[in-house]
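What the coordinates show
Below are the chains, spelled out letter by letter.
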Amino acid sequence: MRTTTKVFCMSFTALGIALLLVTLQPGMSALQTNTVAIDNDDIGGVVTGPAGPEAGVWVIAETTDLPTKFSKTVVTDDRGRYLIPDLPQANYNVWVRGYGLVDSQKVRSARGKSLNLKAVAAPNPRAAADYYPSNYWYALMQVPAKTEFPGTGPTGNGINPQLTSQAQWIRALKTDTCESCHQIGNKGTREIPAALGTFPNSAAAWERRVQSGQAGAGMLNGLNTFGRPKILSLFGDWSDRIKGGEIPPAAPPRPSGAERNVVISQWDWADPKAYLHDEIATDKRNPTVNANGPLYGALEASADYLSVLDPVRYEKGQVPVPVRDPNTPAASGAPTQPSPYWGSEAIWTSKANVHNPMFDGEGRVWFTSRVRGGANPAFCGQGSSHPSAQAFPATGNAGRNLAVYDPKTRKVTLIDTCFSTHHLQFAEDANNTLWTSSGGGGGIVGWLNTKMFLETGDEAKSQGWTPLILDTNGNGKRDAFVEAGQPADPTKDTRVNSAFYGVTPSPADGSIWGSVLGFPGSVVRVNPGSDPSATALAEVYEVPFNNPKAPIQGFSPRGLDIDRNGVVWAALASGHFASFDRRKCKGPLNGPTATGQHCPEGWTLYQSPGPHFKGVTDSGSADSHYYAWVDQFDTFGMGSNTPIATGNGSDSLLALSPDTGKFTILRVPYPLGFFAKGMDGRIDDPRAGWKGKGLWSTWATRAVFHTEGGTSSMSKVVKFQMRPDPLAK
């Protein structure tokens, strides 16, 4: 009986404890109920604010203990929990950043620790807005009303008479002037630095500001696109209103859904006075090439080396890039006026002006690079026996050429070309043909047979080029042609005096696509034919603008890419991400009427996220989009053929689901000012799930010193990974 009583009492006691726990559970704090399991290389915990758990805020861990500065950023889940996975051995500063907050105090921690953090609410709306992306601030810019166009010049409304529509003004405000190089709207641009001097008004301060540094002459000339007094008055008004207390009327949304699953890793590379244009991690055609290997970056006009990052060892390095002619001039001249950041120092010194790198299937890095100054070699021009020169001589001076670096031999080989180069992409053919764009000038499209070049070293024989010829007589083949701007001849074809900015070969049919800058701009398809110098034919598809057959109007593409089905994706200055599917075209694709606006049904436009400029009611946004890339092989985790645009004003990459029309915003919250000009994806281990793959990019702003951290900042490699949930290890 005594034993029975003991068992009964024990059971009653256990039941009482269980009931007590159930009773206490609703009153427990989030820190007691939201425990996060971590491994010995993680940091995890719960973020709480004044109202409880903080969902959709970033937790950042940064260290300087490694050979190069490194940080990793994650997002909290709906219960405020976070987990920063797979950290290298180091001591970290860890803190919270998010919309509606100011940065929390940095807490020192090693990996393998549970770390609960306190979020700090912003004391006022202005303090909260300091963390908003630049496009939210740039959207406060007042755009002239549609009724003010066309401009009437300096004796009228001050707007350049060549601007005939509000849309052309918006194009100039974004990726075809200032924001082709850096953000407008970040703290470094929306405020006028005291070091600039004293001026009678903000318009005068802006006129002096744009003359600062080595890009001063170009920036000053860019104002003339708008009408200099008009645009200066509007920039001055914008700065004055912000100084007077105006802030963006709405906050950006916090990350939600899949955006909370993103892990962002960043490594410093280059140096504070250099800037990057592009990086490359693998071969676009086979993203397992160079698995776990070093990344290479192009420094454009800033310095004569390729940046190198070993992401496994956290080490950075350099590959010097020479020029063939030692008298080749530097790509940038002396400062027009002293900079408030660097004074009269010429911080950009490059002669090679390396712009865009690409891996081949054997791990070599090919890139666009200036070889020489001066005129093209004789084989390019009139009277040459070169097949391309016989079809269309390439006179003048190719401003940038080609080069290749072999990591096995550590040798850079220079390749002179008759055509200017800017971007480059490999075709999926037996010759590993490298197709190039010129960046917008020259009127020709060039290529290099890399198989032949590697076998023979003959740079002249291995290259070729073609003008863009429309089949306007409609007979399906290339014939004699009339020059651009000349009266049409129904018996002949017509040359288009355009050139590619972006370039991409189609894996679907072997055609070559390029984007053409301008207004409304276009994408162009080239069918190379059996002998491209003599047989290539082009088709031009303008972005639909003022086209009643198009439900959404857009304009001015810059970068482009293509999916495995041959659908082209282009980033537009109008604030759209656009696809063009040639298979949807209903009318003739050649002949006298196929000259641009003949296939609006092929276009689909997706408005990019974020606010639009003041005074604008048309579809679009104030965000800028420099380039586009398609994840053909699901290297990121959102599915094959996912199109991604750079969000140059929104500190982000913008991944689109075409089926839903919704964007997943891959925001880089720290440091403020992320500005990409390209990306690629790599699969390091196909068996490792989300950990074995990732999306790579680099900070590509020319004005790194405008970003958070000022002159101590430097360009960074950025890796994006998509895990299945916010706490996945």
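Residues numbered from 1 in each chain as written. Predicted model: local features only at pLDDT ≥ 70, side-chain atom pairs only at ≥ 80, totals over all residues. Heavy atoms only, no water.

Another aspect to go through is the pairing of strand S35 (residues 628–631). Because side chains alternate across S35, one face comprises the buried residues Ala628 and Val630, and the other comprises Trp629 and Asp631, equally buried. As judged from the four bridges shared by S35 and strand S36 (residues 642–647), these two strands associate in the antiparallel manner. What sits directly across from aspartate 631, in S36, is threonine 642. (Buried < 20%, exposed > 50% of the residue type's maximum accessible area, 1.4 Å probe, protein only. Helix = DSSP H or I, 4+ residues; strand = E, 2+ residues; numbered from the N terminus. Pairing = 2+ DSSP bridges.)

Once that is clear, we can look at the nonpolar core. Residues Tyr138, Met141, Trp169, Leu173, Phe235, Trp238 and Phe613 are the most contacted members of the largest nonpolar core, which totals 42 residues. Contributions of two or more residues to this core are made by helix H3 (125–129), helix H4 (134–138), helix H5 (166–173), helix H8 (216–223) and helix H9 (228–243). Tallying contributions element by element places H9 first for this core, with six residues. In this structure methionine 141 touches Leu173, Leu234, Phe235, Trp238, Arg241, Phe613 and Lys614, once residues within four positions along its chain are discounted. Judged by nonpolar contacts, the second largest core, of 36 residues, contains Ala90, Leu276, Leu299 and Trp690. (Core = buried A, V, L, I, M, F, W, Y, C linked by side-chain atoms within 4.5 Å. Contact = heavy atoms within 4.5 Å.)

Moving on, we get to H5. With seven of eight residues buried, H5 is to be regarded as a mostly interior element. Among all positions in H5, only Gln166, Ala167, Gln168, Trp169, Ile170, Ala172 and Leu173 are buried. Buried residues along H5 sit in contact with H4 and H9.

Attention now goes to unusual backbone geometry. Here phenylalanine 519 and proline 520 are connected by a cis peptide whose omega angle stands at 0 degrees. Locating proline 520 in the fold gives a position in the loop between strand S28 (512–516) and strand S29 (522–527). In this chain, tyrosine 670 is followed by proline 671 through a cis amide linkage whose omega measures -15 degrees. Even without being a glycine, tyrosine 314 presents a positive backbone phi close to 60 degrees.

Before going further, it helps to spend a moment on the side chain of aspartate 360. You can see aspartate 360 is positioned in the loop between strand S17 (357–359) and strand S18 (365–369). A distance of 2.9 Å separates a polar atom in the side chain of aspartate 360 from a polar atom in the side chain of tryptophan 366. With residues up to four places along the chain from it excluded, the contact list for aspartate 360 reads Asp283, Arg285, Val289, Trp366 and Phe426. (Polar contact = N/O pair within 3.5 Å; in protein donor to acceptor, adjacent residues only side chain to side chain.)

Sheets are built from strands paired through backbone hydrogen bonds, the pairs being either parallel or antiparallel. Taken in spatial order, the four strands line up as S13-S14-S15-S16 in an open sheet, and their pairing is antiparallel. Either end of the sheet is taken by a strand with one partner, and the two such strands are strand S13 (278–280) and strand S16 (315–320). Strand-to-strand twist of the sheet, defined as the mean angle between neighbouring strand axes without regard to direction, takes the value 25 degrees. For strand S14 (residues 295–298) and strand S15 (residues 305–310), the ladder comprises four bridges, and the chain directions are antiparallel. In the strand pairing of S15, glycine 297 is matched with serine 307. (Axes fitted to C-alpha atoms, helices over the stretch in contact; angles between N-to-C directions.)

Per the stated rule, a full pass over the model turns up 37 salt bridges. Across the pair glutamate 708 and arginine 97 runs a salt bridge whose closest N-O atoms are separated by 2.9 Å. Separated by 611 residues along the polypeptide, glutamate 708 in the loop between strand S40 (693–698) and strand S41 (716–722) and arginine 97 in strand S6 (residues 91–97) bring together distant segments of the chain. Connected through salt bridges with shared partners, the residues Asp237, Arg241, Glu246 and Lys614 form a single ionic network. (Salt bridge = Lys/Arg side-chain N within 4 Å of Asp/Glu carboxyl O.)

Our next topic: the side chain of threonine 421. Structurally, threonine 421 can be placed in the loop between strand S20 (411–415) and strand S21 (424–426). Of the polar contacts made by the side chain of threonine 421, one reaches the backbone oxygen of asparagine 401; its length is 2.5 Å. Filtering out sequence-adjacent residues up to four positions away, threonine 421 remains in contact with Thr368, Ser369, Arg400, Asn401, Leu402, Thr436, Ser437 and Ser438.

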